[in-house]
Amino acid sequence: MQPLMMALQPLLLHLAFLRLGTTGPLVQGRGFRLPTVAWPSFLDFNWPQVVQETIQIPNNGSAPLLVDVQVFVSNVFNVDILRYTLSSMLLLQLSWLDTRLAWNTSVHPQHAVTLPWDSLWTPGLTIQEALWVDWQDQSPRARVDPDGHVDLYLALTTETNCDFELLHFPRDQSDCSLSFYALSNTVLELEFRARAVNEIVSVKREYVVRDLKTQVPPQQLVPCFQVTLRLQNTALKAIIALLVPGEALLLADMCGGLLPLRATERMAYKVTLLLGYFVFHSSLVQALPSSSSCNPLLIYYFTGLLLLLSVSTMETVLLAALPAWGNLSAESSPSPAPRGEEQDPGDPGPHPEEAPGVKGSRRSWAEAADHIFFLVYVVGVVCSQFFFIGLWMWATCKSDPGPGKAKPHGGQPRL
């Protein structure tokens, strides 16, 4: 036992010189606890306790330390366009070289050791867009090879903010970014080389991930890498719940124009459709997201349908009321008898056969106007549908820049 202790003493002195310890979690988030140090089996013996201090980043000469990052995206769920947030499950694999942890395999035949994350230097990461972060493993361990190569795996679930482009909702497509920053280091000390792997196997969701890419933004004050997910809406639910009822109400309104103008059921039919669409429109406004710029085209489309139904209902009310107003005015102001003619006491008013003729002329005029309006209304509805289809296909909208990117008072810091 004594020869083994003497052989391990240089390695223990080497580890003690590194002052194994850390001051905080790897990535900011809630629910992360400081794990207890668990030493490898070949280091498990009585040794004076070393005061833990902050471990310095490994020295790579004049070049910054290179950290390889692989981001495995396993799931994207709970895409909330009303709150502009999405939740995702990620697995980060961090790899770097720390020659201070290397040992001689001929003296210590260990192929690899696992150490707690607080017993060696690790890059402290912060997700810029994260609202919260939950960890699946609150005590991650790092694998160290004999040459000092370190591998660290982190599994997390996070909810992040995303600026969805909802102009063409429900056929929208947006790019959502997750920016990882190492705030405790500078670009002269640390450099990231990242790539992403799409491991999503389930597509039974409204939003699906169509593309996944990574990049290292240039000219940053602190080391960072960015993961961008391209989300596309499958649109089936929104089409069934929004577009089909709206088109059905518009078609029902055009069919209501085929009813005779003198039928009392026509006015009740039109008013019922308009009131029903008011209820549908109020629930639609709550279901669709709003934005400071580039609101969904569906908001303008359904507002146009509301105006069409209102005009159709007002036309029915006015043309049905005009003949009645004409009869009331004729009864309130009868025409005087011609001079020189004596009125027959047995015939105090106009001849009964004259009133039906006047009333019939007013009705024929109103029905002709109603027929012309119906033809114009049908043509207008068809043209509005083609106009909206063209607007949907070719319309573009550039969102206003955020306050952080506006000039001259905003803008991200650059070197």
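Keep in mind it's a predicted model, so treat the numbers as computed, not measured.

*Asks:* So what's going on with the overall build of the chain? Which residues, and what values?
*Replies:* A count of helices and strands for the chain gives five helices and 11 strands. With 415 residues in all, the chain has 39% of them scored as buried. Looking at the chain as shown, the accessible area adds up to about 24300 Å², and 60% of this sits on carbon and sulfur atoms.

*Asks:* Help me get a handle on helix α2 (residues 236-256), residues and values and all.
*Replies:* The end-to-end C-alpha distance of α2, which contains 21 residues, comes to 29 Å, matching closely the 30 Å that a straight helix rising 1.5 Å per residue would cover. Of the positions making up α2, those classed as buried are Ala238, Leu242, Gly246, Leu249, Leu250, Asp253, Met254 and Gly256.

*Asks:* Talk me through empty space enclosed by the protein; I want residue IDs and the actual numbers.
*Replies:* Counted according to the given criterion, the structure contains three cavities of 30 Å³ or more. The wall of the second largest cavity is formed by Asp253, Met254, Gly257, Arg266, Lys270, Ser312, Glu315, Asp370, Phe373, Phe374 and Tyr377. Residue contributions to the lining of the second largest cavity peak at four residues, all from helix α5 (residues 354-394). Here the lining of the second largest cavity is composed, by residue class, of four nonpolar, two polar and five charged.

*Asks:* Account for the side chain of serine 293, with residues named and values stated.
*Replies:* Counting through the fold element by element, serine 293 comes out in the loop between α3 (264-287) and α4 (297-332). Excluding residues that lie within four positions of it along the chain, serine 293 makes contacts with Ser399 and Asp400.

*Asks:* So what's going on with the sheet that holds strand β10 (residues 207-215)? Which residues, and what values?
*Replies:* The strand order β4-β8-β11-β10 describes an open sheet built from four strands, whose pairing is antiparallel. Edge strands, defined here as strands with exactly one partner in the open sheet, are β4 (126-127) and β10. Direction of pairing for β4 relative to strand β8 (residues 173-181): antiparallel, over a ladder of two bridges. Pairing of threonine 126 across the sheet is with tyrosine 181, part of β8.

*Asks:* Explain the pairing of strand β11 (residues 224-233) to me, and be specific about the residues and the numbers.
*Replies:* With eight of its 10 residues buried, β11 lies for the most part within the structure. In the sheet, β8 pairs with β11 via nine bridges, with the strands oriented antiparallel. What sits directly across from serine 179, in β11, is glutamine 226. Across eight bridges, the pairing between β10 and β11 is antiparallel. Bridging from a neighbouring strand, glutamine 215 pairs with glutamine 226 of β11.

*Asks:* Please set out the packing of α2 against α3 residue by residue, giving values where relevant.
*Replies:* A packed helix pair is summarised by two numbers, namely the angle formed by the two axes and the spacing between the axes. It is the contact of α2 with α3, at a shortest axis distance of 10 Å, that shows an interaxial angle of 165°. In terms of their interaxial angle, α2 and α3 are classed as roughly antiparallel. In this structure, the crossing between α2 and α3 has a hand that is left-handed. Touching Ala241, Leu242, Pro245, Gly246, Leu249, Ala252, Asp253 and Gly256 of α2 are Arg266, Tyr269, Lys270, Leu273, Tyr277, Phe280 and Leu284, all from α3. Partitioned by chemical class, the residues of the contact of α2 with α3 number 10 nonpolar, two polar and three charged.

The rules we used
- By convention here, each chain's residues receive numbers from 1 onward along its written sequence.
- Residue-level local features of this predicted model are given only where pLDDT is at least 70; pairs of side-chain atoms are given and counted only at 80 or more, and the full residue set underlies all totals for whole chains, interfaces and linings.
- The side-chain values count all of the structure's non-hydrogen atoms but skip hydrogen atoms and water molecules.
- Put simply, DSSP marks the helices as runs of H or I at least four residues long and the strands as runs of E at least two long, and each gets a number from the N terminus on.
- In this scheme, a residue with accessible area under 20% of its type's maximum is buried, one over 50% is exposed, and one in between is partly exposed, where area comes from a 1.4 Å probe on protein chains only.
- Each accessible area is a Shrake-Rupley result for a 1.4 Å probe, and residues are judged covered by the shown protein chains and nothing else.
- By this rule, a helix spans an expected 1.5 Å times one less than how many residues it contains.
- Site definitions follow a grid-based scheme: protein atoms alone, a 1 Å grid, a 1.4 Å probe that fits but cannot get out for cavities, and for pockets an open set with protein on both sides within 12 Å along at least five of seven lines, plus lining residues having an atom within 4 Å of a point.
- Grid points are joined across faces, edges and corners, and a volume is the space filled by probe spheres set on the points.
- Residues are sorted three ways: Asp, Glu, Lys and Arg are charged, Ala, Val, Leu, Ile, Met, Phe, Trp, Tyr, Cys and Pro are nonpolar, and all the rest, Gly among them, are polar.
- Contacts between residues were defined by any pair of non-hydrogen atoms, one from each residue, lying within 4.5 Å.
- Here, strands pair whenever DSSP counts at least two bridges between them.
- Only the contacting stretch of a helix is used when fitting its axis, a line to C-alpha atoms as for every element, and angles between N-to-C directions run 0 to 180 degrees.
- Each angle receives one of four descriptions, namely roughly parallel if under 35 degrees, roughly antiparallel if over 145, roughly perpendicular if within 65 to 115, and oblique otherwise.
- Each crossing gets its hand from how the near helix is turned against the far one by less than a right angle, where anticlockwise is left-handed and clockwise is right-handed.

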